[in-house]
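As a plain string of letters, each chain reads:
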Amino acid sequence: MKRLVKWCVGFDCWWNIRQSRKSGLFFVMVTLSVVTTLILSLPLNAQTISQRLPASELRGVWLTNIDSDVLFERDRLKGSLQRLDELNFNTVYPAVWNWGYTLYPSKVAAKVIGRAIDPTPGLQGRDILKEIVNVGHQQGLTVIPWLEFGFMAPADSLLAKNRPQWLTSRSDGTRIVKEGIHNRVWLNPFRPEVQQFIQDLIIEIIRNYDIDGIQFDDHFGLPSILGYDTYTVALYKKEHRGKAPPKNPQDPEWVSWRANKITDFTKRVFKAIKATKKDCLVSVAPNPQRFSYDFFLADWQKWERLGIIEDLVLQIYRDDLNVFISELEYPEVKAAKKHIPVSIGIMVGLKNKFVPMQKIQTQVQKVRDRNFAGVSFFFYETLWNMSKEKPQQRQIGLQELFPTPTTYPNLLAGWKPSS
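Sequence order sets the numbering: in each chain, residues are counted from 1 along the sequence as written. The model is predicted, so local features are restricted to residues of pLDDT at least 70 and side-chain atom pairs to those at 80 or more, both for listing and for counting; the totals for chains, interfaces and linings are taken over all residues. Only hydrogens and water are set aside when side-chain values are computed; all heavy atoms of the structure are taken into account.

A.B. asks: Please clarify how the overall build of the protein should be interpreted in this entry.
C.D. replies: If you tally the helices and strands in the protein, you get 17 helices and 15 strands. Out of the 419 residues in the protein, the part that is buried amounts to 52%. Think of it this way: any DSSP run of H or I at least four residues long counts as a helix, any run of E at least two long counts as a strand, and we number them from the N terminus. With a 1.4 Å probe rolled over the protein chains alone, any residue whose accessible area is under 20% of its type maximum counts as buried; one over 50% counts as exposed, and the rest are partly exposed.

Structure follows, in structure tokens:
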């Protein structure tokens, strides 16, 4: 544009020598009018987005085996990672622990569960985490494995059947917690054997794979209705002069006691990770603080203050734009942004839920307007494969959001908060 204006001005001088000033001015005006028309003919979204692109930005997506087959075939997985790179994504969060199994060959899982890898046929004879690391790094993608299920497991899983003493319960002794149509149980995060198992899984991944980080979410906590198993009740009594836990699971002191125990474990895991691989980033992708703390005993606000998480990707899966915006502006969110990169997890669809690209673009812009570190999309399959909009239309929308490559904002690489 600058060159074109300069050319127009130069042409104007030459024209003044050869013709009248009036004629030269007319020509310049016509030329600039054409240029202006061309610029204004660009899509408004593309103009707005391109003007506000940050210097570095998390552009992530979660890869899971729930309602998705992206992981189950080698060439499909490779092609998907290549396409993400072409669309200027820079980070992937592949699930490595869910449905009570690891999605990579695990000696830790083989010993505890009795099976080294998820039995799904498409995973046999493969190491998908190795594939993702190799192909992802070739494409310049940051690879951060995600422990999707945390302390949760299917009620009928081998883990639940083989280790029933590891499970926790409600005050009435029942264990099953519904998640949609699925029956889930929860490992007791206060038991030393359970803690060791989860930590061993994490350290195994860090030692065996050239990953850039590791990620947890709310499932690294515990539904607050649980914690009434024999072991936990005895531990509480021991620390409260024989007094039993309150029957009300939302009792503030009872919530705080359990949340603090989980925080203590998170500290331990953080130290173990750093002792194993100092530059392995510790990331957490929770719900907003009030929900995480009250319903999952996951006090990420405290974790952030203690310096035991280095990257926060806040899940704000909201249909109402005003609610979405209000949750971007909570005090604890603003405070975290001053210390670590804080990005926003955006819902781009579910198996039975369609989210239009225009809505996705609007939410991304609201995040950028507030100088967050970036966005991550849940989940890969609904980016364009599982949608009412055509795949080409969805990918064009993503190209408008991410027109050029950018670097991943990393605290360990000198990230600083934006003003």
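A.B. asks: In this structure, what is going on with the pattern of salt bridges? I would like to understand it.
C.D. replies: Opposite charge on two side chains permits them to pair, given that their charged atoms come into close proximity. Salt bridges are defined as contacts in which a side-chain nitrogen from Lys or Arg sits within 4 Å of a carboxyl oxygen from Asp or Glu. Enumeration over the complete set of coordinates arrives at 17 salt bridges. Its salt-bridge partner being lysine 261, residue glutamate 239 comes within 2.6 Å of it at the nearest N-O pair. A residue pair is termed long-range when its members are at least 10 positions apart, and glutamate 239 in helix α9 (residues 230–239) and lysine 261 in helix α10 (residues 252–276) qualify at 22 residues. Lysine 261 sits in the partly exposed class, given a relative accessible area of 21%. The closest approach of N and O atoms between arginine 370 and glutamate 329, which form a salt bridge, is 2.8 Å. With arginine 370 in the loop between α15 (357–369) and β15 (374–378) and glutamate 329 in the loop between α13 (321–328) and α14 (331–337), this pair connects stretches of sequence that are 41 residues apart.

A.B. asks: When you look at the sheet that holds strand β8 (residues 182–186) in this model, what are you seeing that I'm missing?
C.D. replies: The strands making up a sheet are joined through hydrogen bonds of the backbone, oriented either antiparallel or parallel. By definition, two strands form a pair when at least two bridges between them are found by DSSP. Pairing is antiparallel across the open sheet formed by 3 strands, whose spatial order is β6-β8-β7. Of all strands in the sheet, those with a lone pairing partner are β6 (152–154) and β7 (177–179), marking the two edges. The average undirected angle you get between the axes of adjacent strands in this sheet is 45 degrees. In this sheet, β8 lies alongside β7 in antiparallel orientation, the contact comprising 3 bridges. Counted as the bridge partner of lysine 178 is asparagine 183 from β8. Angles shown run from 0 to 180 degrees and are taken between the N-to-C directions of axes, each axis being a line fitted to C-alpha atoms and, for helices, limited to the stretch in contact.

A.B. asks: It is not clear to me how the environment of glutamate 400 should be interpreted in this structure. Could you clarify?
C.D. replies: Secondary-structure assignment places glutamate 400 in helix α17 (residues 391–401). On the accessibility criterion, glutamate 400 (22% relative accessible area) is partly exposed. Along the primary structure glutamate 400 and leucine 87 are separated by 313 residues, whereas in three dimensions their C-alpha atoms are 9.4 Å apart. Side chain to side chain, glutamate 400 and glutamine 361 meet in a polar contact 3.0 Å long. Identification of polar contacts relies on pairs of N or O atoms within 3.5 Å, with a donor-acceptor requirement for protein atoms, meaning one able to donate a hydrogen and the other able to accept it, and with residues adjacent in sequence counted only if both atoms are side-chain atoms.

A.B. asks: What is the right way to look at the environment of valine 367 in this model?
C.D. replies: Within the fold, valine 367 resides in helix α15. Linking valine 367 and serine 343, residues 24 residues apart in sequence, is a C-alpha distance of 8.2 Å.

A.B. asks: Which parts of the structure should I look at to understand helix α6 (residues 128–138)?
C.D. replies: Spacing of three or four residues puts side chains on the same side of an α-helix, whose turn is 3.6 residues. Those residues of α6 that sit buried are Ile128, Leu129, Glu131, Ile132, Val133, Val135 and Gly136. Buried positions along α6 lie against α4 (74–86), β2 (91–94), β5 (142–143) and α8 (192–208). Taken from the residues just after α6, glycine 140 is the one with a positive phi, measuring 80 degrees. Note on contacts: a residue pair qualifies if any of its non-hydrogen atoms lie within 4.5 Å across the two residues.

A.B. asks: Help me understand the nonpolar core, please; the structure alone is not making it clear to me.
C.D. replies: Among the nonpolar cores identified, the biggest contains 115 residues, and Phe197, Ile202, Phe216, Ile273, Phe377 and Leu383 are the most heavily contacted of them. Setting aside residues up to four positions removed in sequence, phenylalanine 377 forms contacts with Gly60, Val61, Trp62, Phe89, Ile346, Val348, Ile360, Val364, Leu383, Leu398, Leu401 and Phe402. Tyr228, Leu235, Tyr236 and Trp254 belong to the second largest nonpolar core, which has 5 residues in total. We define a nonpolar core as any set of buried Ala, Val, Leu, Ile, Met, Phe, Trp, Tyr and Cys residues linked to one another through side-chain atoms lying within 4.5 Å.

A.B. asks: Any chance you could explain the packing of α4 against α6 here in plain terms?
C.D. replies: Any two packed helices are characterised by how steeply their axes cross, that is the angle between the axes, and by the distance between the axes. Across the interface, α4 lies against α6 with an axial gap of 10 Å and an inter-helix angle of 35 degrees. Crossing of α4 against α6: the hand is right-handed. In contact with Arg74, Leu77, Lys78 and Leu81 of α4, α6 contributes Ile128, Glu131, Ile132, Val135 and Gly136. Less than a right angle of anticlockwise turn of the near helix away from the far helix marks a crossing as left-handed, whereas a clockwise turn marks it as right-handed.

A.B. asks: How should I be thinking about the pairing of β2 in this particular structure?
C.D. replies: Side-chain direction in a regular strand flips from residue to residue, so the side chains alternate between the two faces of the sheet. The side-chain alternation of β2 yields two buried faces, one formed by Thr91 and Tyr93 and the other by Val92 and Pro94. Strand direction decides the pairing type here: strand β1 (residues 58–63) and β2, joined by 4 bridges, are parallel. Looking across to β2, one finds that leucine 63 is bridged to proline 94. Viewed with both strands pointing away, a crossover whose connecting path from the first strand over the helix to the second turns clockwise is right-handed. Traced from β1 through α4 to β2, the parallel crossover comes out right-handed. Both β2 and β5 contribute to a ladder of 2 bridges, which runs parallel. By the bridge assignment for β5, threonine 91 is matched with threonine 142.

A.B. asks: Explain the packing of α9 against α10 here, please?
C.D. replies: Between α9 and α10, the least distance of the axes is 12 Å, while the angle of their chain directions is 105 degrees. When the interaxial angle is binned, α9 and α10 end up roughly perpendicular. Packed against α9, whose contacting residues are Thr232, Leu235, Tyr236 and Glu239, the element α10 presents Glu253, Trp254, Trp257 and Lys261 at the interface. Polarity classes work like this: nonpolar for Ala, Val, Leu, Ile, Met, Phe, Trp, Tyr, Cys and Pro, charged for Asp, Glu, Lys and Arg, and polar for all others, with Gly in that last group. Its residues assigned to classes, the contact of α9 with α10 comprises 4 nonpolar, 1 polar and 3 charged. We call two directions roughly parallel when the angle between them is under 35 degrees, roughly antiparallel when it is over 145, roughly perpendicular when it lies between 65 and 115, and oblique otherwise.

A.B. asks: Whenever I open this one, the packing of aromatic side chains confuses me. Can you help?
C.D. replies: By convention here, two paired aromatic rings are described through the distance between centres and the angle between planes. Any two rings among Phe, Tyr and Trp, with Trp reduced to its six-membered ring, count as a pair given centres within 6.5 Å; such a pair is stacked if its planes are under 30 degrees apart, edge-to-face if over 60, and tilted if neither. Applying the stated rule across the entire model yields 26 aromatic pairs. On the basis of an interplanar angle of 45 degrees and a centroid distance of 6.1 Å, the ring pair of tryptophan 186 and phenylalanine 296 is categorised as tilted. Highlighted residues: tryptophan 186 in strand β8 and phenylalanine 296 in helix α11 (residues 289–296), separated in sequence by 110 residues. Measuring from centroid to centroid gives 5.2 Å for tyrosine 236 and tryptophan 254, while their planes differ by 85 degrees, and the two rings are edge-to-face. With tyrosine 236 in helix α9 and tryptophan 254 in helix α10, this residue pair connects regions lying 18 residues apart in the sequence. The pair formed by tyrosine 236 and tryptophan 254 is uniform in burial state, with each residue classed as buried. Directly above the ring of tryptophan 99 sits arginine 184, whose terminal nitrogen or CZ lies 4.6 Å from the centroid. For a ring to carry a charge above it, either NZ of a lysine or CZ of an arginine must fall within 6 Å of the ring centroid while also lying within 35 degrees of the normal to the ring plane.

A.B. asks: Help me out: how do you make sense of α9 in this one?
C.D. replies: Listing the buried residues of α9 in full gives Thr232, Val233, Leu235 and Tyr236. Angularly, the buried residues of α9 cover 160 degrees about the axis, an arc narrow enough to put them on a single face. Exposed residues on α9 whose side chains face more than 90 degrees from its buried face are Thr230 and Lys238. The secondary structure elements touched by the buried residues of α9 are α10. Of the residues flanking the start of α9, the one acting as N-cap is aspartate 229, its side-chain oxygen 3.3 Å from the backbone nitrogen of tyrosine 231. Just downstream of α9 lies arginine 241, where phi reads positive at about 55 degrees. The reported arc concerns the directions from the helix axis to the C-beta atoms and nothing else.

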